Amino acid sequence: NPQEVVRVGLEQFVRRHEALSFRGGAGSLAESAADIQRQRTAVIIVDQSCWTRPAERALIETFERKPGHRIVMVLESPPRQMVIDVLAEQFAAVVLRSSSYEQFRMAIDAVVQGQCYIDPSLTVILLAHLREAPQKEDGGGNVLSVQEYRILPLLSEGKTNKEIGRVLGLSD
């Protein structure tokens, strides 16, 4: 069962991370909902399969609105539109199942520290989407600010918010 393999893999990963404890691991997000809602703070790792089921998607949207809850979405070779839809949500991190252990650890570390993380391989899709986006109605012609254009290449390198701030000389 592929979902069981992912669950066991995530459980082992979380148990190796000092700042996290494994809670849940139920067969579905709905089975973990009560436990998650009791937590003041939570990093909730959600698989793409949950995103495609309406009932579980509604739970995800409930979790992301609760202060202290941060969601890491794990995708498996998603179609382009799903990537855009997922990136438009307020997830703290978006990673691919095929990500290396190090990339996944970087994503979780960023989330635990209150930052965001996008899998570097997804930035190509994000950049293409931004380039295709309609122009601003103010007539300025730029979809992004100058600062945002400076940040995009750093995101594509997989840098965290803190690293980008250091590179650009920005304060916390």
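See the structure printed just above.
My aim in this report is to walk through the structure given alongside it, one point at a time. Owing to the predicted nature of the structure, the values given are computational and were not obtained by experimental measurement.

## Considerations on the nonpolar core
Argument step 1. With 19 residues, the main nonpolar core has Ile60, Met73, Leu75, Val86 and Phe91 as its most contacted residues.
Argument step 2. Where this core is concerned, the elements lending two or more residues are α2 (29–38), β1 (42–47), α3 (48–51), α4 (54–65), β2 (69–75), α5 (80–88) and β3 (93–96).
Argument step 3. Not counting residues up to four positions away in its chain, the partners in contact with Met73 are Val46, Asp47, Gln48, Trp51, Ile60, Val86, Phe91, Ala93, Val94 and Val95.
Argument step 4. Formed by 14 residues, the second largest nonpolar core is a distinct cluster that contains Val14, Val72, Val74 and Phe104.

## Concerning the layout of surface pockets
Argument step 1. Approximately 370 Å³ is the volume attributed to the second largest pocket.
Argument step 2. Surrounding the second largest pocket, 19 residues form its lining, Cys116, Ile118, Leu126, Leu155 and Asn161 being those nearest its centre.
Argument step 3. Here the lining of the second largest pocket takes four residues from helix α8 (residues 146–156), the largest share from any one element.
Argument step 4. Among the residues forming the lining of the second largest pocket, the class breakdown is 16 nonpolar, one polar and two charged.

## Thoughts on the pairing of β2
Argument step 1. Judged by how many residues are buried, β2 sits mostly within the fold: six of seven residues are covered.
Argument step 2. Sheet analysis places β2 next to β3, joined by four bridges and oriented parallel. Bridged to Met73 within β3 is Val94.
Argument step 3. Taken together, β2, α5 and β3 form a β-α-β motif whose crossover is right-handed.

## Some words on the packing of α5 against helix α7 (residues 123–132)
Argument step 1. Interhelical geometry of α5 versus α7 gives an angle of 85 degrees and a closest axis separation of 10 Å. The angle between the axes of α5 and α7 places the two elements in the roughly perpendicular class. Taking contact as the criterion, the partners of Arg80, Val83, Ile84 and Leu87 in α5 are, on α7, Ile125, Leu126, Ala128, His129 and Glu132.
Argument step 2. Along the lines of polarity and charge, the residues of the contact of α5 with α7 split into six nonpolar, one polar and two charged.

Rules and cut-offs
Residues numbered from 1 in each chain as written. Predicted model: local features only at pLDDT ≥ 70, side-chain atom pairs only at ≥ 80, totals over all residues. Heavy atoms only, no water. Core = buried A, V, L, I, M, F, W, Y, C linked by side-chain atoms within 4.5 Å. Buried < 20%, exposed > 50% of the residue type's maximum accessible area, 1.4 Å probe, protein only. Helix = DSSP H or I, 4+ residues; strand = E, 2+ residues; numbered from the N terminus. Contact = heavy atoms within 4.5 Å. 1 Å grid on protein atoms, 1.4 Å probe; cavity = no way out; pocket = protein on both sides within 12 Å on 5 of 7 lines; lining within 4 Å. Points joined across faces, edges and corners; volume = space filled by probe spheres on them. Nonpolar A, V, L, I, M, F, W, Y, C, P; charged D, E, K, R; others polar. Pairing = 2+ DSSP bridges. Right-handed = clockwise from strand over helix to strand, strands pointing away. Axes fitted to C-alpha atoms, helices over the stretch in contact; angles between N-to-C directions. Parallel < 35°, antiparallel > 145°, perpendicular 65-115°, else oblique.

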